[in-house]
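# A closer look at the structure
What follows is each chain in one-letter form.
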Amino acid sequence: MTEKNPADNFPAGYEVPKVWTWEKGNGGQFANINRPIAGPTHDKVLPVGKHPLQLYSLATPNGVKVTIMLEELLALGHMGAEYDAWLIKIGEGEQFGSGFVGVNPNSKIPALLDRSTPEPTRVFESGSILLYLAKNFDAFLPKEHKAQTETMNWLFWQMASAPYLGGGFGHFYAYAPVQIKYAIDRFSMEVKRQLDVLDRHLAGNRFMAGEEYSIADIAIWPWYGNLAQGKTYGDAGNFLDVQSYRNVQRWTAEIAERPAVKRGRMVNRINGDPSEQLHERHDTSDFETKTQDKIGSQARDQPAAPRSSRQDGR
């Protein structure tokens, strides 16, 4: 009897070549910035503000991790955590500018430059930035051996797991040019398994490392908290039945009410309610005066400048 090939169950489609070649017009929302090579595409010097910590980012989940961490540190009174947050528009390829690539050769946000050290220290990868700040300010990393180890366990769990949520489920559910049942099923199954991992753990723990709020919570919440609140990938929350993960919902709601979390979510945000968008952050007062609703109203109240005085000619 001839053994049946499992591939026979699927319609004919892509035939894998012996050697992959890059087709630039490959479709999808990010086709204009995706490429198989590293390095800069253009020269661009990064701006530098008045604070020792210079953050170059966007309010994606990975970017929000760092702005929440910095706002939490400031809330504890660590004035050395004051920072300038500069907007990097990844949809326009700004992460491939020479200055940004110099801080993060992987061309991904967020990237941090610490200018308080004798030679400026670059820190990239969101988990590395959280750990760097936790160590520098001796905060949000438990000192007790078991709790510290748990914090590190869950920090690395998030770094390893989130690509299945973002690059896997999120991509094929929300961004791919065609919806592929196999891909959506594959990554939905994995994301639901991850939510179940979190839900079971949080059944016996207030926070990820026990009773103490830590960088593990700060890392995980922007990804899985946003998903639990139904704020990620359109109707994905309903699709994945996130309300059924009751312990995740309890943990998500508690963290969402932290003032520093509310502020951190606003920094470098360029979508949603204008009152919750702070494109750049250079001072704590910016949350009161520089959000897009305030800037927009200020602009409307200003008399129009004569055409001849506008430097850009618009």
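Residues numbered from 1 in each chain as written. Predicted model: local features only at pLDDT ≥ 70, side-chain atom pairs only at ≥ 80, totals over all residues. Heavy atoms only, no water.

Another aspect to go through is the packing of helix 4 (residues 145-175) against helix 6 (residues 215-228). The geometry of helix 4 relative to helix 6 is characterised by a closest axis approach of 8 Å and an angle of 25 degrees between their N-to-C directions. When the axes of helix 4 and helix 6 are compared, the pair comes out roughly parallel. Between helix 4 and helix 6 lies a crossing whose hand is left-handed. Facing helix 4, whose interface residues are Thr151, Trp154, Leu155, Trp157, Gln158, Ser161, Ala162, Leu165 and Gly166, helix 6 presents Ile215, Ala216, Ala219, Ile220, Trp223, Tyr224 and Leu227. Within the contact of helix 4 with helix 6, the residues separate by chemical class into twelve nonpolar, four polar and no charged. (Axes fitted to C-alpha atoms, helices over the stretch in contact; angles between N-to-C directions. Helix = DSSP H or I, 4+ residues; strand = E, 2+ residues; numbered from the N terminus. Parallel < 35°, antiparallel > 145°, perpendicular 65-115°, else oblique. Left-handed = near helix turned anticlockwise from the far one by under 90°. Contact = heavy atoms within 4.5 Å. Nonpolar A, V, L, I, M, F, W, Y, C, P; charged D, E, K, R; others polar.)

Turning our eyes to something else, we now look at helix 5 (residues 181-202). Within an α-helix, residues lying three or four positions from one another point in the same direction, as the helix has 3.6 residues per turn. Taking 1.5 Å per residue as the helical rise, helix 5 with its 22 residues ought to reach 32 Å, and the 31 Å between its terminal C-alpha atoms agrees with that figure. Residues of helix 5 that are buried: Ala183, Ile184, Phe187, Ser188, Glu190, Val191, Gln194, Leu195, Leu198, Asp199, His201 and Leu202. (Expected span 1.5 Å × (residues − 1). Buried < 20%, exposed > 50% of the residue type's maximum accessible area, 1.4 Å probe, protein only.)

Turning to unusual backbone geometry, a few remarks are in order. With an omega dihedral of 0 degrees, the bond running from isoleucine 109 to proline 110 counts as a cis peptide bond. Within the fold, proline 110 resides in the loop between helix 2 (98-103) and strand 3 (111-114). Backbone geometry at phenylalanine 140 places phi at a positive 65 degrees, although glycine is not the residue there. Note that phenylalanine 140 resides in the loop between helix 3 (126-137) and helix 4. For phenylalanine 140, a relative accessible area of 11% translates into the label buried. One non-glycine residue, asparagine 268, lies in positive phi territory at about 65 degrees.

We now examine the nonpolar core. Met69, Leu133, Phe169, Ile215 and Trp251 are the most contacted members of the largest nonpolar core, which totals 65 residues. The greatest single-element share of this core, amounting to ten residues, is contributed by helix 6. In contact with isoleucine 215, other than residues within four places in its own chain, are Met69, Leu130, Leu131, Ala134, Phe140, Leu141, Thr151 and Leu155. If you look at the next biggest cluster of nonpolar residues, it comprises eleven residues, including Phe100, Val103, Ile109 and Leu113. (Core = buried A, V, L, I, M, F, W, Y, C linked by side-chain atoms within 4.5 Å.)

Tracing the chain through its elements places aspartate 114 in strand 3. Of note is the side chain of aspartate 114, whose polar atom sits 2.7 Å from the side chain of tyrosine 132. Ignoring anything within four residues of it in the chain, the contact list for aspartate 114 reads Pro52, Leu53, Glu119, Pro120, Thr121, Tyr132 and Asn136. (Polar contact = N/O pair within 3.5 Å; in protein donor to acceptor, adjacent residues only side chain to side chain.)

Strand order in the open sheet made by the four strands is 2-1-3-4, with mixed pairing throughout. Edge strands, defined here as strands with exactly one partner in the open sheet, are strand 2 (83-87) and strand 4 (121-124). Taken over all neighbouring pairs, the strand axes of this sheet differ in orientation by 20 degrees on average, direction set aside. One ladder, built from five bridges, connects strand 1 (residues 53-57) with strand 2; its direction is parallel. Bridge pairing links leucine 55 to alanine 85 in strand 2. (Pairing = 2+ DSSP bridges.)

With that settled, consider the pairing of strand 1. For strand 1, a buried count of five out of five residues is recorded, marking the element as mostly surrounded by other parts of the structure. Covered by surrounding structure in strand 1 are Leu53, Leu55 and Ser57 together with Gln54 and Tyr56, the residues of both alternating faces. Bridge count for strand 1 against strand 3 is four bridges, and the pairing is antiparallel. By the bridge assignment for strand 3, leucine 53 is matched with aspartate 114.

This next bit is on the environment of glycine 264. Its place among the elements puts glycine 264 in helix 9 (residues 259-266). On the basis of relative accessibility, which here comes to 0%, the residue glycine 264 falls in the buried class. Taking the C-alpha atoms as reference points, glycine 264 and valine 66, 198 residues apart in sequence, are found 7.9 Å from one another. The contacts of glycine 264, once residues within four sequence positions are left out, are Val64, Thr67, Ile68 and Glu71.

Looking now at the packing of helix 1 (residues 61-75) against helix 6. At a minimum axis separation of 8 Å, helix 1 and helix 6 run at an interaxial angle of 140 degrees. Judged on the interaxial angle alone, helix 6 and helix 1 are oblique. As helix 1 packs across helix 6, the resulting crossing turns out to be right-handed. Within the contact between the two elements, helix 1 uses Pro61, Asn62, Val64, Lys65, Ile68, Met69 and Glu72 and helix 6 uses Ile215, Ile218, Ala219, Trp221, Pro222 and Trp223. Along the lines of polarity and charge, the residues of the contact of helix 1 with helix 6 split into ten nonpolar, one polar and two charged.

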